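# Breakdown of the fold
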Amino acid sequence: MKQWLRLTAALVLLSLAVAACVPPPTAQVVKETVVVKETVVVTEKEEVVVTPTPDPSGIKRGGTLVAAIGADPQNFDPHLTSAYSSFEVLENVFNTLVTVDENLNIVPALAESWEISEDGLTWTFKVREGVKFHNGREMVADDVKYSYDRILDPDVGSPVSWRLGSVESIEAPDDYTVVINLAEPYPGLLAKLDGYTGMAIVPKEVAETGGLEQNPVGTGPFKFVEYVPGDRVVLERFEDYWEEGLPYLDGIVFKPISDDTVRLTNLQTAEVDWVDSLPPKDVTRLATSGEFIVDKVSGTDYWYIGVNLEREPFDNPLVREAINYAINRDDVAAAALWDMAVPTQNPLPEDSFWYSGYQPYEYNPERAKELLAEAGYPDGFKTEFMPTSQYEETVRSAQVLAAQLEDVGIEADIRTLEWGTWLEEEGAGNYDMYLCGWLGNIDPDDYFYAQHHSDEVFNFTGYTNPDLDALLDQARVEADPETRKAIYEEVQQIVIDDSPYIYLYIPANVNAWQPYVRGYETRADSAIRFKTTWLDK
């Protein structure tokens, strides 16, 4: 079971992070919004709120929101799953010690406040009193300790254990105090405890019996009712939720609809109230159609080719460099998401404080051929891309990439797998090159550590570089933003030059909903939260 969990942790969701203690400038959130029968002026830098929460007297309570998501959840245990479709549900069921607001700032959640010792080794959190789990028991400090100990337990095999890598011990001296002791100062600790639901606080009595996988019990605004695979996940309002007056809805029904076109049709016919995505080729048209509200926000995710460094010829850096020159990223991004993605050679978005600007490759097939000849492959070679039908953009990307590589003598077949099989093959290393995405990033540690540090659970390419490991470890404990930024500039150059991952594009996040859905907005971190949503009908 432990090995399976390590292997299936492929597409991590919501590994949100913001540098703590001495915060750098926050990431910019750029939104584009079309609201039915309302005039909205949007500039490139302007943030527009889709449905501003009206005066409390105008909010209509009750009703059930029907939300269409792209896939069935894979597991409801927040410490064990890595599927985005699971977290779309679990964001509404669980809470974390601290969370990230809509502006990507860390704010209190189950912890009311916290203090840091002068030496930076001890963090003391004041736990909110009166918070209840969905089973009626009060949540106390022992639950926080248990949850983090469980994540760290190697026998559990949690894919998010790396987030607590600096933790030496956790104490609960009383019901409302949690003390986290670190092996070394780690200014970014809050970023690892924040809104990513993989760090959720869970009740021991449920987790110990294995009940979380099928019947999640948290402290969130909605509680789990039932799951019918292939049909629906039902949540209902938790009457004892700790944030006064919330949520507004009576419940949520999540309907898994994998096909983009079918999902859109369900929105157009009002079979569903909200969808987590639209067919990329139709977003611009639909945003001006007047049918419903379309909300697009600049994302913090990146999509890439994962290269198996344990197979020839990909263990040769000249081959990886050649592939970088053989790729026309503009065409790949356009095929994947039309005008909903920005081509990139760097995983960090250009508006990030941490972005170095390092993008050394240009589309140059002749240079690619020269490098292949230098590497010992003057006539190219045969290989394979592994996309997944779960994310249609990976299939479209693979088709364009295969055609581009053919121009330099590389013959690439395409092996498209359904999601469960894809996860098994990726985790077992049964691939040449896979296509996937890394979601919900903000702090640079989230972009680089888990996928690039030697022997980390998400380092599926087999990449190892002691110099990079040292830089990543150094950046984790550096409190000064400018010094930390300089470290990450070195990191970006190393990973882009070494290319265990070949970065392709950064997508926008797009959600859409009926005009009567209020109090919801699309988030840059990809989190799906309905606690302030209400139905104006």
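Here, every reference points to the structure presented above.
Calculation criteria
- Residues numbered from 1 in each chain as written.
- Predicted model: local features only at pLDDT ≥ 70, side-chain atom pairs only at ≥ 80, totals over all residues.
- Heavy atoms only, no water.
- Axes fitted to C-alpha atoms, helices over the stretch in contact; angles between N-to-C directions.
- Helix = DSSP H or I, 4+ residues; strand = E, 2+ residues; numbered from the N terminus.
- Parallel < 35°, antiparallel > 145°, perpendicular 65-115°, else oblique.
- Left-handed = near helix turned anticlockwise from the far one by under 90°.
- Contact = heavy atoms within 4.5 Å.
- Nonpolar A, V, L, I, M, F, W, Y, C, P; charged D, E, K, R; others polar.
- Pairing = 2+ DSSP bridges.
- Phe/Tyr/Trp six-rings, centres within 6.5 Å; stacked < 30°, edge-to-face > 60°.
- Core = buried A, V, L, I, M, F, W, Y, C linked by side-chain atoms within 4.5 Å.
- Buried < 20%, exposed > 50% of the residue type's maximum accessible area, 1.4 Å probe, protein only.
- Patch = residues over 30% accessible without salt bridge, like charges linked within 9 Å, V, L, I, M, F, W, Y side chains within 5 Å.
- Areas by Shrake-Rupley, 256 points an atom, 1.4 Å probe, with all protein chains shown as cover.
- Salt bridge = Lys/Arg side-chain N within 4 Å of Asp/Glu carboxyl O.
- Lys, Arg positive; Asp, Glu negative; His and termini not counted.
- Charge placed at Lys NZ, Arg CZ, Asp CG, Glu CD.
- Expected span 1.5 Å × (residues − 1).
- Arc of directions from axis to C-beta.
- Polar contact = N/O pair within 3.5 Å; in protein donor to acceptor, adjacent residues only side chain to side chain.

## Re the packing of helix α14 (residues 466-477) against helix α15 (residues 481-498)
Contact geometry of α14 with α15 gives a least axis separation of 10 Å together with a crossing angle of 155°. By the angle class used here, α14 and α15 are roughly antiparallel. Of the two possible hands of crossing, α14 and α15 adopt the one that is left-handed. Where α14 approaches α15, its residues Leu468, Leu471, Leu472, Gln474 and Ala475 are matched on the opposing element by Arg484, Ile487, Tyr488, Glu490, Val491, Ile494 and Val495. Its residues placed into classes, the contact of α14 with α15 shows nine nonpolar, one polar and two charged.

## Some details on the sheet that holds strand β8 (residues 177-182)
If you walk across this open sheet you meet the four strands as β5-β6-β8-β7, and the pairing is antiparallel. Each having just a single partner strand, β5 (111-116) and β7 (167-174) make up the two edges of the open sheet. On average, each strand axis in the sheet is tilted by 20° relative to the strand beside it, whichever way the strands run. Strand direction decides the pairing type here: β5 and strand β6 (residues 122-127), joined by five bridges, are antiparallel. Each bridged residue has a counterpart across the sheet, and for Ile116 the counterpart in β6 is Trp123. Against the sheet, helix α3 (residues 141-152) touches β6, β7 and β8, its axis set at about 160° to β7.

## Focus: the packing of aromatic side chains
This structure, assessed with the given rule, holds 31 aromatic pairs. Each ring, one from Phe254 and one from Phe530, has its centre 6.2 Å from the other, and the planes form 45°; the classification is tilted. Of this pair, Phe254 sits in strand β11 (residues 251-256) while Phe530 sits in the loop between β20 (517-518) and β21 (534-535), and the two are 276 residues apart along the sequence. Seen in terms of ring centroids, Tyr302 and Tyr503 are 5.3 Å apart; in terms of plane orientation they differ by 90°. Their pairing is edge-to-face. One end of the pair, Tyr302, is in strand β14 (residues 302-307); the other, Tyr503, is in strand β19 (residues 501-513), with 201 residues separating them in the sequence.

## Considerations on the packing of helix α9 (residues 329-337) against helix α11 (residues 392-406)
Packed helix pairs are characterised by how far apart their axes lie and by the angle those axes make with each other. Interaxial distance between α9 and α11 falls to 8 Å at its minimum, and their mutual angle equals 150°. It follows that α9 is roughly antiparallel to α11 by the angle criterion. Viewed along their axes, α9 and α11 form a crossing whose handedness is right-handed. Touching Asp331, Val332, Ala335, Ala336 and Leu337 of α9 are Glu393, Arg396, Ser397, Val400, Leu401 and Gln404, all from α11. A class-by-class count of the residues in the contact of α9 with α11 yields six nonpolar, two polar and three charged.

## Some details on the nonpolar core
For soluble globular proteins, nonpolar side chains are generally found buried alongside one another. With 165 residues, the main nonpolar core has Tyr148, Ile180, Leu193, Leu278, Phe385 and Phe530 as its most contacted residues. Setting aside its immediate chain neighbours within four residues, Phe385 contacts Ile305, Ala398, Leu401, Ala402, Leu405, Ala412, Asp413, Ile414, Arg415, Met433 and Leu435.

## Regarding a negative patch on the surface
A grouping of Glu406, Asp407, Glu411 and Asp413 is seen on the molecular surface, where their side chains present a negatively charged patch. Relative to the helices and strands, Glu411 resides in strand β17 (residues 410-414). Classification of Glu411 by relative accessible area gives partly exposed; the value is 43%.

## Things to note about unusual backbone geometry
Of the consecutive residues Leu246 and Pro247, the connecting peptide bond is found in the cis state with omega at -5°. Mapped onto the elements, Pro247 comes out in the loop between β10 (232-237) and β11. Here the bond from Glu312 into Pro313 is cis, since omega is 5°, no more than 30 degrees from zero. Mapping Pro313 onto the fold places it in the loop between β14 and α8 (317-326). With a phi angle near 70°, Asp455 is a residue other than glycine that sits in the positive phi range.

## Regarding α14
With twelve residues, α14 extends 17 Å from end C-alpha to end C-alpha; this agrees with the ideal 16 Å at 1.5 Å per step. Of the residues making up α14, those classed as buried are Leu468, Asp469, Leu471, Leu472, Ala475 and Arg476. Down the axis of α14, the sector holding all buried residues measures 165°, keeping them to one side. α14 presents Pro466 and Asp467 as exposed residues on the side facing more than 90 degrees away from its buried surface. Structurally, the start of α14 carries an N-cap: the backbone nitrogen of Asp467 is 3.0 Å from a side-chain oxygen of Asn465.

## A word on the pairing of strand β9 (residues 222-228)
Sheet analysis places β9 next to β10, joined by six bridges and oriented antiparallel. Paired with Lys223 across the two strands is Glu236, which belongs to β10. From the end of β9 to the start of β10, which pair antiparallel, there are three residues, and Gly230 there has a positive phi angle of about 80°.

## Some details on helix α10 (residues 365-374)
Along α10, the residues that are buried comprise Ala368, Leu371 and Leu372. Mapping the buried residues of α10 onto a view down its axis gives an arc of 100°, with all of them on the same face. Packed against the buried residues of α10 are α8, β16 (381-386) and β17. Immediately beyond the C-terminal end of α10, within one or two residues, lies Gly376, with a positive phi of roughly 100°.

## Structural notes on the pattern of salt bridges
Considering all chains together, one arrives at 31 salt bridges under this definition. Note that Asp149 and Lys145 form a salt bridge whose closest N and O atoms lie 3.0 Å from each other. With Asp149 and Lys145 both in helix α3, this residue pair falls four residues apart, about one helical turn. We classify Asp149 as partly exposed; its relative accessible area is 32%. Linked by salt bridges that have partners in common, Arg163, Lys192, Asp194, Asp445, Asp446 and Arg476 make up one network.

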